[in-house]
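# Architecture and fold: a report
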Amino acid sequence: MKVPNKKIGVLDLNIDNLFILNSLRQKFINDDIYYINDVSIENVDEMDKEELNQIVSKLISSLLEKEIDLLLVVSDSIIEFCEELFKDIKIPVIQIINETIEYVNEQYEHKNVGFLSSNSMIEANIYQKNIRYNHLYNMPGDELRDLIRKQLVKTSETFQEAKNIIAPVYKKELDIIVPSLINYLSVKTEINEFLKDVIIIPVDEILVNLVINNLYPNQELPSKGKGMTYICSYVPNDVSAIN
């Protein structure tokens, strides 16, 4: 008997959380994944917030038109500036900020924390004021993010930049690093080269497990299937349907 497949919507800005697709695809073999982003937005701080909300609203509508069963919001900037847009959505909405904070507080309360993030999210102070830590150290990662966007992972450039980011906190006895972008997980090798014992919070696994709990409560995931992955990048004034 064929198991009906689910439809998972993933909402991002730029490509900074594209890494989540690998984790979702490995678990949800039978299900369709619809990923949509806006590659034109590089720095939300430079955008008019009303314009940003209009763009994100169109992206959400495009996903909902696919009759998705769950919406996964992987961009922390969308949550920071556009959270009101999700209040009236009837399907489950899982978002990266609250779920990451809750996990850290449950599993690693009062530890020494490194917060690896963009400068804009560091300045927003959302994670820092909600994580219960012993000491927290900001680790600005804009340049590392940009290298990952260029697919320069496991290169001399990313090793050097990881070293630059870690240098100010090297002697702080960090217990964990909290990455605000899922793509930072693609440079775990570089980080562990300099901080061998630090735990990098597996944000992708946290979100995947929440998707499982929402779509397959008290059920086993289908072990067979031919789920599809659809990727749509938004171009201003042209939100095309996801094929």
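Up top you'll find the structure we're talking about.
### Quick look at the overall build of the protein
- A count of helices and strands for the protein gives 10 helices and nine strands.
- For 243 residues, the compact-globule formula gives about 18 Å, and the C-alpha radius of gyration of the protein, at 18 Å, lands near that figure.
- Its C-alpha atoms give the protein principal-axis dimensions of about 55 × 45 × 35 Å.
- Within the protein, the fraction of its 243 residues that count as buried is 50%.

### Brief notes about helix H8 (residues 156-166)
- Every buried residue of H8 is listed here: Thr-158, Glu-161, Ala-162, Ile-165 and Ile-166. In an axial view of H8, the angular spread of the buried residues amounts to 135 degrees, which keeps them on one side of the axis.
- Structurally, H8 contributes buried residues whose contacts are with strand S5 (112-117), strand S6 (135-140), helix H7 (142-149) and helix H9 (188-194).

### Concerning the pairing of strand S3 (residues 70-73)
- Residue alternation in S3 divides its side chains into two sets, Leu-70 and Leu-72 and Leu-71 and Val-73, and both sets are buried.
- Bridge analysis of strand S1 (residues 7-11) against S3 gives four bridges, and the strand direction is parallel. For Val-10, the partnering residue across the bridge sits in S3 and is Leu-72.
- Each parallel crossover has a hand, and for S3 linked through helix H3 (residues 76-82) to strand S4 (residues 93-95) it is right-handed.

### What to know about the pairing of S5
- Counting buried positions along S5 yields six of six residues, so the element is predominantly enclosed.
- Residues Asn-112, Gly-114 and Leu-116 point to one face of S5 and Val-113, Phe-115 and Ser-117 to the other, with burial holding for every one of them.
- Relative to S6, S5 runs parallel, the two sharing six bridges. Among the inter-strand pairings, Val-113 is bridged to a residue of S6, identified as Leu-136.

### Things to note about unusual backbone geometry
- Its identity is not glycine, yet Glu-67 carries a phi of approximately 55 degrees, on the positive side.
- Tracing the chain through its elements places Glu-67 in the loop between helix H2 (49-64) and S3.
- Despite not being glycine, Glu-173 has its phi angle at roughly 55 degrees, a positive value.
- Of note, Glu-173 is situated in the loop between H8 and strand S7 (176-179).

Thresholds applied
Residues numbered from 1 in each chain as written. Predicted model: local features only at pLDDT ≥ 70, side-chain atom pairs only at ≥ 80, totals over all residues. Heavy atoms only, no water. Helix = DSSP H or I, 4+ residues; strand = E, 2+ residues; numbered from the N terminus. Rg over C-alpha atoms; globule rule 2.2 N^0.38 Å. Buried < 20%, exposed > 50% of the residue type's maximum accessible area, 1.4 Å probe, protein only. Arc of directions from axis to C-beta. Contact = heavy atoms within 4.5 Å. Pairing = 2+ DSSP bridges. Right-handed = clockwise from strand over helix to strand, strands pointing away.

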